[in-house]
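Okay, here's what each chain looks like letter by letter:
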Amino acid sequence: MKPVRYAAYGSNLHPLRLRARTPSAQLAGTAYLPDWSLRFHKRSIDASGKCSISQGSSGVYVAVYGMSAADKRELDRIEGVGDGYVDATIEVPGFGDCATYIAAESCVDETLQPYDWYRELVLLGCEELGLPRDYARRIEKVAAMPDPDDDRGRDRWKTVRMLRNCLAQSIK
C-alpha cells in the first residue's frame, strides 16, 4: 500500500517525536507555504493553545513525512480528528497533496497561549530540520505559559530534554 504524505507544522515537526507516535514515519523534506500562517489558537482539552494553520500571508514551514495508512489513522486518533482537528489535504510545493490537521472552526480561540513545553517542542522541530532562524524567532515571540498540571509539565519537559540531547548528539 502506498504511504500517506503528511505535512507537519507544530509539535510533530521533529522526526523523533513523530516517529515515537508513528513508527513508519520517514522524513521526505521540508517546504514553505507562503499563503498559510502558523497559529497557536486551537483550543486543546488541556485548556492551552495548540498549533494550527490558517490561510494568511506570514508563511509557514512544514515537514513532509511518508507513513503507513495504519500509522496515519493512529495519528488521527492521537491528534483528535473529529474532536478539535479536521483532517485536511493541502497542496505542498514539491510534494503535491499532503494530509494535515487544521483546527475546527468551533475550537479556534485567539486568546489562548500554548504551554511553554509545547512551544519548545515546535522550536526543537524547527532547529532539528534547519528551518530559517527568522521563522524560529517568530515562534519564540509567541507568549507561552507554564503548565498548571505539574505532573504533565514535568513529563513533557522530560520529552523536550530528550529531544534536545538528541539534537546535541547529532551536532557533535
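The preceding data block contains the structure.
Everything in this summary refers to the structure shown in the same document. (Residues numbered from 1 in each chain as written. Predicted model: local features only at pLDDT ≥ 70, side-chain atom pairs only at ≥ 80, totals over all residues. Heavy atoms only, no water.)

Let us now look at the overall build of the protein chain. Within the protein chain one finds five helices and seven strands. Reading the secondary structure of the protein chain in the N-to-C direction produces β-α-β-β-β-β-α-β-β-α-α-α. The C-alpha atoms of the protein chain give a radius of gyration of 15 Å, which matches the 16 Å a tight globule of 172 residues would have. Counting every position in the protein chain, which comprises 172 residues, the buried fraction comes to 50%. Counting contacts in the protein chain only where the partners sit at least 6 residues apart, residues at least 24 apart contribute 72% of the total. Of the roughly 8,700 Å² that the protein chain leaves accessible, carbon and sulfur atoms contribute 51%. (Helix = DSSP H or I, 4+ residues; strand = E, 2+ residues; numbered from the N terminus. Rg over C-alpha atoms; globule rule 2.2 N^0.38 Å. Buried < 20%, exposed > 50% of the residue type's maximum accessible area, 1.4 Å probe, protein only. Contact = heavy atoms within 4.5 Å. Areas by Shrake-Rupley, 256 points an atom, 1.4 Å probe, with all protein chains shown as cover.)

Take the pairing of strand β4 (residues 49–55) next. Of all seven residues in β4, six are buried, a share of seventy percent or more. Inspection of the sheet shows strand β3 (residues 36–43) paired to β4 by six bridges, in the antiparallel sense. For Trp-36, the partnering residue across the bridge sits in β4 and is Gln-55. Taking the residues that link successive antiparallel strands as the turn, the β3-β4 hairpin has five residues, and the phi of Ala-47 there is positive, at about 75°. (Pairing = 2+ DSSP bridges.)

Before going further, it helps to examine the nonpolar core. Formed by 44 residues in total, the largest nonpolar core has its most connected members in Tyr-9, Leu-38 and Val-92. Take this core: its biggest share by element is eight residues, from helix α3 (residues 116–129). Those residues in contact with Tyr-9, other than ones at most four positions away along the chain, are Leu-38, Cys-51, Ser-52, Ile-53, Val-60, Tyr-61, Val-62, Tyr-85, Thr-100, Tyr-101, Ile-102 and Val-122. (Core = buried A, V, L, I, M, F, W, Y, C linked by side-chain atoms within 4.5 Å.)

Here the focus is the pattern of salt bridges. On inspection of all chains with the given rule, the structure shows 11 salt bridges. Among the ionic pairs, Arg-21 bridges to Glu-79, the shortest N-O distance being 2.7 Å. Note that Arg-21 is positioned in helix α1 (residues 15–21) and Glu-79 in helix α2 (residues 69–79), a separation of 58 residues in sequence. Overall, Glu-79 belongs to the buried group, its relative accessible area being 15%. Where Lys-72 meets Asp-76, a salt bridge forms, and the shortest distance between an N and an O atom there is 2.4 Å. In this pair, Lys-72 and Asp-76 are both assigned in helix α2, four residues apart and thus about one turn of the helix distant. We note that Lys-72, like Asp-76, is buried. Connected through shared salt-bridge partners, Lys-72, Asp-76 and Asp-87 make up one network. (Salt bridge = Lys/Arg side-chain N within 4 Å of Asp/Glu carboxyl O.)

Before going further, it helps to spend a moment on the packing of aromatic side chains. Scanning the entire structure with this criterion turns up seven aromatic pairs. A centroid spacing of 6.1 Å and a plane angle of 80° characterise the contact between Trp-117 and Tyr-118, whose relative ring orientation is edge-to-face. For Trp-117, a relative accessible area of 3% corresponds to the buried category. Each residue in the set Phe-40, Tyr-115, Trp-117 and Tyr-118 is aromatic and connected to the rest through ring pairs, giving one cluster. The ring of Trp-117 has Arg-156 sitting right over it, with the charged end atom 5.4 Å from the ring centre. (Phe/Tyr/Trp six-rings, centres within 6.5 Å; stacked < 30°, edge-to-face > 60°. Lys NZ or Arg CZ within 6 Å of the ring centre and 35° of its normal.)

Everything listed here is a matter of coordinates, which is why it stays silent on function.
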